[in-house]
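As a plain string of letters, each chain reads:
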Amino acid sequence: MTRVLVVTSGKGGVGKTTSTAALGAALAQAGENVVVVDFDVGLRNLDLVMGAERRVVYDMINVIQGDAKLAQALIRDKRIDTLSLLPASQTRDKDSLTEEGVTKIIDQLREKFDWVICDSPAGIEKGAMMAMRHADVAVVVTNPEVSSVRDSDRIIGMLDSKTLKAERDERIDKHLLLTRYDPARAARGEMLKTEDVLEILSIPLLGIVPESVDVLNASNLGSPVTLSNPTSPAAKAYFDAARRLRGEQFDLIVPLERKSLMGRLFGRRVA
Amino acid sequence: MNLMALFRRERSAPVARERLQILLAHERMAGSHSDLLNLLREEIVDVIARHIKVDREKVKIKLDRGDEVSTLEIDVEMPAAIPLVKTQGAAA
């Protein structure tokens, strides 16, 4: 049965698009048939992060308005053939994202894929609403930082009231993905700890992605981190998150700071 | 201030955690009653208007949220000579 998953956060810049690409790739690498859908009309970036920016011919709005068939707009990944991308329009405005149009596209995608992963734009406006509307599962991407946690709380409230599932009185599966986590700073009491964020938001934890240069390198290269550097801690976190999404249950390990003895002795005192 | 405080770095995460917990408790409440203030305002003005002629614009309702106690403040501005609404009930 196809699952429609929304990657959302409220706040911008927390890692939604990067996480969409990495989770989509990780699921596809596990043999699932995956499509990642960019809902950020006017500010699309999933194509760029996936390295498909030069292959975009038609986009979702073209399909909604009947100018192209869905199959023409879908871009198949060159590295993993079970991974596809449906790009957003860069030139139209968000009003072109109609409820009927989105419903039709999601219904068609459900027939073709195992996973439909919707990359939400930031904010709580129409684009974000459309991205979460059809979701069965939500991944709430949060940074351990006050404004991100507050916005995630707001988004969780919307997932529980504004989605089709919520309107049918069904439960939407919500997972927390903690990104840009710096274990050393959390240990020093400078950054909210995983437990703090979990206690405040009270949804189950899907993974902790450490702040790392590997993630930045991945978007520089236009390749999901699970492909560009599959042995990095960030990629491992995404692989584990994908396994959890597929229903596997196993312990989650909080990344710890690795420090030399000298660093341990003097690291805290040096400003 | 003791000497250790000079060496110990300020820990801001516990402050963040506490501020968030208080803020979100309020925001979640407001989220489920987002129209509460407007509803209260309309109904309170209706009750007052049954007896006194009031200018709806001059009724101010404020909800102040504290850690322990919240206060609902209703401020109705009236002219010096209170203009009563003449009804059969009010004649008593």
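Residues numbered from 1 in each chain as written. Chains lettered and ligands numbered in written order. Predicted model: local features only at pLDDT ≥ 70, side-chain atom pairs only at ≥ 80, totals over all residues. Heavy atoms only, no water.

**Some details on the overall build of chain A**
Okay, step 1: Along the backbone of chain A there are 14 helices and eight strands.
Okay, step 2: If you line up chain A on its principal axes, its C-alpha atoms span 65 × 40 × 35 Å.
Okay, step 3: A burial count over chain A gives 55% of its 271 residues as buried.
Okay, step 4: Entry remark: accessible area of chain A is about 12,400 Å², with carbon and sulfur atoms responsible for 49%.
Okay, step 5: If the 37 positive side-chain charges of chain A are averaged to one point and the 38 negative ones to another, these points end up 4 Å apart. (Helix = DSSP H or I, 4+ residues; strand = E, 2+ residues; numbered from the N terminus. Buried < 20%, exposed > 50% of the residue type's maximum accessible area, 1.4 Å probe, protein only. Areas by Shrake-Rupley, 256 points an atom, 1.4 Å probe, with all protein chains shown as cover. Lys, Arg positive; Asp, Glu negative; His and termini not counted. Charge placed at Lys NZ, Arg CZ, Asp CG, Glu CD.)

**Some thoughts on the nonpolar core**
Here is a general trend for soluble globular proteins: nonpolar side chains tend to be buried in one another's company.
All names here are of chain A.
Okay, step 1: Within the largest apolar cluster, 50 residues are counted, with the highest numbers of intra-cluster contacts made by F39, L86, L97 and L109.
Okay, step 2: The leading source of residues in this core is helix α7 (residues 146–162), at five residues.
Okay, step 3: Apart from residues lying up to four places away in sequence, L109 is in contact with V35, V37, L70, L74, L86 and V116.
Okay, step 4: Counting residues in hydrophobic clusters, the runner-up holds 38 residues, among them A21, L23, V49 and Y238. (Core = buried A, V, L, I, M, F, W, Y, C linked by side-chain atoms within 4.5 Å. Contact = heavy atoms within 4.5 Å.)

**A few points about the confidence of the model for chain B**
Okay, step 1: When the pLDDT values of chain B are averaged, the result is 76; 73% of them are 70 or greater.
Okay, step 2: Here the predicted complex carries an ipTM of 0.78, next to a pTM of 0.80. (pLDDT = per-residue confidence, 0-100.)

**A few points about helix α13 (residues 233–245) of chain A**
All names here are of chain A.
Okay, step 1: For α13, built from 13 residues, the straight-helix expectation of 18 Å at 1.5 Å per residue is met to within 8% by its first-to-last C-alpha distance of 18 Å.
Okay, step 2: Those residues of α13 that sit buried are A234, A235, A237, Y238, D240, A241, A242, R244 and L245.
Okay, step 3: A positive backbone phi angle near 105° is found at G247, which sits one or two residues after α13. (Expected span 1.5 Å × (residues − 1).)

**Details of unusual backbone geometry**
All names here are of chain A.
Okay, step 1: At D169, a position not held by glycine, the phi torsion is positive, near 65°.
Okay, step 2: For D169, the location among the structural elements is in the loop between α8 (164–167) and β7 (173–181).
Okay, step 3: On the basis of relative accessibility, which here comes to 73%, the residue D169 falls in the exposed class.
Okay, step 4: Residues other than glycine seldom take positive phi values, yet R180 does so here, at roughly 55°.
Okay, step 5: Its location among the elements puts R180 in strand β7.

**Thoughts on the pairing of strand β8 (residues 205–210) of chain A**
Residue and element names in this part refer to chain A.
Okay, step 1: β8 sits mainly inside the fold: six of its six residues count as buried.
Okay, step 2: Bridging between β7 and β8 involves four bridges; their strand directions are parallel. Along β8, the bridge assignment pairs L178 with I208. (Pairing = 2+ DSSP bridges.)

**Observations concerning the packing of aromatic side chains**
Residue and element names in this part refer to chain A.
Okay, step 1: A full pass over the atoms with the stated rule returns zero aromatic pairs over all chains.
Okay, step 2: The lysine or arginine in question, R243, covers the ring of F250, its NZ or CZ lying 4.0 Å from the ring centre.
Okay, step 3: Here the guanidinium or amino end of R244 rests over the ring plane of F250, the centre of that ring lying 4.1 Å away. (Phe/Tyr/Trp six-rings, centres within 6.5 Å; stacked < 30°, edge-to-face > 60°. Lys NZ or Arg CZ within 6 Å of the ring centre and 35° of its normal.)

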